[in-house]
Amino acid sequence: MATGRVETLESEIPARPSAPAGPEATFDAEAAELLPFLTQGARADLQAAAAQHVLALTGSGPGRALLARQAELLKALAVLAAAAGSAPARDAARALVNLAADPSVHEQLLAADPVLPTRLLGRALDPQWPWADEAAAALANLSREPAPCAALMGTLEAAAKSGLGLERLLCALCTPGYNACAPLHHLGPLLSNLSQQPAARAFLLDPDRCVIQRLLPLTQYSDSSLRRGGIVGTLRNCCFEHREWWGITSGCWGPTLTFFPFYYCPWPALRSSQRKRWTVSALGLPVDLQYLPPDKQREPDADIRKMLIEAIMLLTATAPGRQQVRDQGAYLILRELHTWESEPDVQMACEKLIQVLIGDEPECGMENLLEVQVPEDVERQLQQLDRQEQEQLKQQQLELAGESGGEGPTLR
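The rules behind these values
- Residue numbers run consecutively from 1 along every chain, following the written order of its sequence.
- The predicted nature of this model means local features are confined to residues of pLDDT at least 70 and side-chain atom pairs, given and counted, to a pLDDT of 80 or more, with totals for whole chains, interfaces and linings taken over all residues.
- Excluding hydrogens and water, the side-chain values take into account all heavy atoms of the structure.
- Every axis in this analysis is a line fitted to C-alpha atoms, fitted for helices over the stretch in contact. Angles between the N-to-C directions lie between 0 and 180 degrees.
- Helix and strand assignments come from DSSP, with helices taken as H or I runs of at least 4 residues and strands as E runs of at least 2, each series counted from the N terminus.
- The labels follow the angle: roughly parallel below 35 degrees, roughly antiparallel above 145, roughly perpendicular from 65 to 115, and oblique for the rest.
- Crossing handedness: left-handed means the near helix sits turned counterclockwise from the far one by under a right angle, and right-handed means the same turn made clockwise.
- Only heavy atoms enter the contact rule, under which two residues are in contact if any of them lie within 4.5 Å.
- Residue burial is assigned from relative accessible area. The probe radius is 1.4 Å, only protein chains are included, and a residue is buried under 20% of its type maximum, exposed over 50%, and partly exposed in between.
- It is the directions from the helix axis to the C-beta atoms that the arc portrays.
- What makes a salt bridge here is a side-chain nitrogen of Lys or Arg within 4 Å of a carboxyl oxygen of Asp or Glu, nothing more.
- Any residue that is not Ala, Val, Leu, Ile, Met, Phe, Trp, Tyr, Cys, Pro, Asp, Glu, Lys or Arg is counted as polar, Gly included; the first ten are nonpolar and the last four charged.
- Here the aromatic set is Phe, Tyr and Trp, taking the six-membered ring for Trp, and pairing holds for ring centres within 6.5 Å; pairs whose planes are under 30 degrees apart are stacked, those over 60 apart are edge-to-face, and all others are tilted.
- Lysine NZ or arginine CZ positioned within 6 Å of the ring centre and within 35 degrees of the ring normal marks a charge as sitting over the ring.
- By the criterion applied in these results, polar contacts are pairs of N or O atoms within 3.5 Å in which, for protein atoms, one can donate a hydrogen and the other can accept it, and in which residues neighboring in sequence qualify only through two side-chain atoms.
- Disulfides are defined as cysteine sulfur pairs within 2.5 Å.
- As used here, the term nonpolar core means buried Ala, Val, Leu, Ile, Met, Phe, Trp, Tyr and Cys residues forming a set that is joined through side-chain atoms within 4.5 Å.

Visitor: Lay out the packing of helix α2 (residues 44-57) against helix α5 (residues 89-100) with the relevant residues and their values.
Guide: Packing of α2 against α5 leaves a shortest axis separation of 9 Å and a crossing angle of 15°. When the interaxial angle is binned, α2 and α5 end up roughly parallel. Crossing of α2 against α5: the hand is left-handed. Here Ala51, Gln52, Val54 and Leu55 of α2 lie close against α5, whose contacting residues are Asp91, Ala92, Arg94, Ala95 and Asn98.

Visitor: Which residues make up helix α20 (residues 319-327), and what values go with them?
Guide: At 3.6 residues per turn, the α-helix brings residues three or four places apart onto the same side. Of all the positions in α20, only Gly321, Arg322, Gln324 and Val325 are classed as buried. Down the axis of α20, the buried side of the element spans an arc of 165°, and every buried residue falls inside it. Taken from the residues just after α20, Gly329 is the one with a positive phi, measuring 75°.

Visitor: Run through the pattern of salt bridges, naming residues and quoting values.
Guide: For the structure shown, the criterion picks out 13 salt bridges. Linking Arg214 and Glu167 is a salt bridge whose minimum nitrogen-to-oxygen distance equals 3.1 Å. Here Glu167 lies in helix α10 (residues 166-174) and Arg214 lies in helix α13 (residues 211-215), a separation of 47 residues in the sequence. Exposure remark for Glu167: the relative accessible area of 35% places this residue in the partly exposed category. The salt bridge partner of Arg236 is Glu310, with a shortest N-O separation of 2.9 Å. Separated by 74 residues along the polypeptide, Arg236 in helix α14 (residues 225-238) and Glu310 in helix α19 (residues 302-315) bring together distant segments of the chain. Overall, Arg236 belongs to the buried group, its relative accessible area being 6%. Members of the salt-bridge network, linked through shared partners, are Arg90, Arg94 and Glu134.

Visitor: Mind laying out the packing of α19 against helix α22 (residues 344-358), listing which residues take part and the relevant values?
Guide: Viewed as axis vectors pointing N to C, α19 and α22 meet at an angle of 15°, and their least axial separation amounts to 9 Å. The pairing of α19 with α22 is recorded here as roughly parallel in orientation. By crossing handedness, the relation of α19 to α22 is classed as left-handed. Of α22, the residues touching α19 (which contributes Ala302, Arg305, Lys306, Ile309, Ile312 and Met313) are Asp345, Val346, Ala349, Cys350, Lys352, Leu353 and Val356. Of the residues contributing to the contact of α19 with α22, the split by class is nine nonpolar, no polar and four charged.

Visitor: A description of the packing of aromatic side chains should follow, citing residues and the corresponding values.
Guide: In the structure shown here, the tally under the stated rule is one aromatic pair. Relative to Trp131, the ring of Trp129 has its centre 5.6 Å away and its plane inclined at 85°; by these criteria the two rings are edge-to-face. The class for Trp131 is buried, based on a relative accessible area of 19%. Above the face of the Tyr221 ring, Arg227 is positioned so that its terminal group lies 5.0 Å from the ring centre.

Visitor: I'd love a proper account of the side chain of Arg228, names of residues and values included.
Guide: Within the secondary structure layout, Arg228 lies in helix α14. The class for Arg228 is buried, based on a relative accessible area of 6%. In terms of polar contacts, Arg228 uses its side chain to reach the side chain of Glu299, at 2.7 Å. Dropping the residues within four chain positions of it, Arg228 is found in contact with Leu218, Thr219, Gln220, Tyr221, Ser222, Glu299, Pro300, Asp301 and Ile304.

Visitor: If you had to explain the state of the cysteines to someone new, which residues and values would you point to?
Guide: Applying the stated rule across the entire model yields zero disulfides. Just so you know, Cys174 is unpaired, no disulfide at all, and the nearest cysteine sulfur is the one on Cys171, 8.0 Å from it. Among the residues examined, Cys174 registers a relative accessible area of 24% and is labelled partly exposed.

Visitor: Explain the environment of Asn98 residue by residue, including any values.
Guide: Among the structural elements, Asn98 can be located in helix α5. Residues Asn98 and Leu57 lie 41 residues apart in sequence; the distance between their C-alpha atoms is 9.6 Å.

Visitor: Tell me about the nonpolar core, and please be specific about residues and values.
Guide: Counting 74 residues, the largest nonpolar core has Leu96, Leu109, Leu194 and Leu215 as the members making the most contacts within it. Every residue in contact with Leu215, bar those within four places of it in the chain, is listed here: Leu170, Leu173, Cys174, Leu191, Leu204, Ile231, Thr234 and Leu235. The next biggest cluster of nonpolar side chains, apart from the first, holds 20 residues, and it includes Ile309, Ala311, Ala330 and Leu334.

Visitor: Help me get a handle on the environment of Pro146, residues and values and all.
Guide: Position of Pro146 relative to the elements: it lies in helix α9 (residues 146-159). A residue is classified by how much of its surface remains accessible, and Pro146, at 52% relative accessible area, is exposed. For the pair Pro146 and Leu194, spaced 48 residues apart in the sequence, the C-alpha separation amounts to 9.4 Å.

Written out as structure tokens, the structure is:
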């Protein structure tokens, strides 16, 4: 059972091969010479070459470390990345993506340009900006760490009055063709990271905004696993707010939100005989799952399958949640998934969820598994068991990498 930790997603753009870096003193001198070519008014061809050189440096850890010491250069890069009508803006934006992918550079980036989140947010949500996806990717990388994520959430709250808040971000994410030049798939991981913040989860779960209803269909968005995974990660993080989720699933907001089919639909891939048997007997499955098309495929991304299982696991933290999940026929679907699943960590997550569903109910006073106080010695033992499980998983993955066609254990 997951505890109170909210997960984040990262988003990266492949960098060009890194350029060789000299000693720090030499690089400082070179950076001083490079800086004028990154600023406004520089000759276009020289500015483009300078941006490409910086992008190449961001392809390696040593290169990023050298750049992190150049506050003026970082500021010039941030300005160039948002410069209207600038051809090198894309390379500058990609350099920011790679710099932001390195957590050790976040502090220097934000110190060099405190308004960097605002710059990037404005470009990411500009429906005319051709490199909006790069801006969104840089924001997604910055928001992986708690401090920058909190700062970005503050920026969004402050920008709400000007129309650049979370509502605008959701509009861009949920509107097909919002930007004709950029797919904006990186907004998915960005939203997932923002959902670390209690303020973001409160916004997403506000019953008057109906945000969850807008996000659920994107769990089956076939064009991008990046966007799909970001949405699933967002919903999983929101499941930590178990009281609000119980309000959704119990119909306290009005008509009950049938979100279970959206969580379950990525799992089934049944033979026709199974589908017929399940439809006839119903077995508590949601109606949407009883009439799946013959060509229905399982979610192809193992990480997303695992996040879906973790989301359902969080919903089983309370006694009413466990009962509702059981009533929706989760065991039957999970059993079939476990039979098919080849990834050891997803199999293990599936087994843990099944154990919760078929196990005895906790004793009185311990019904909410998220609020149970675990003694320190027991917590240490559990952490040790987790480490052992991870080692076993790594060993299994190594064995699977060297074999093909093997079948794992199944649940009956």
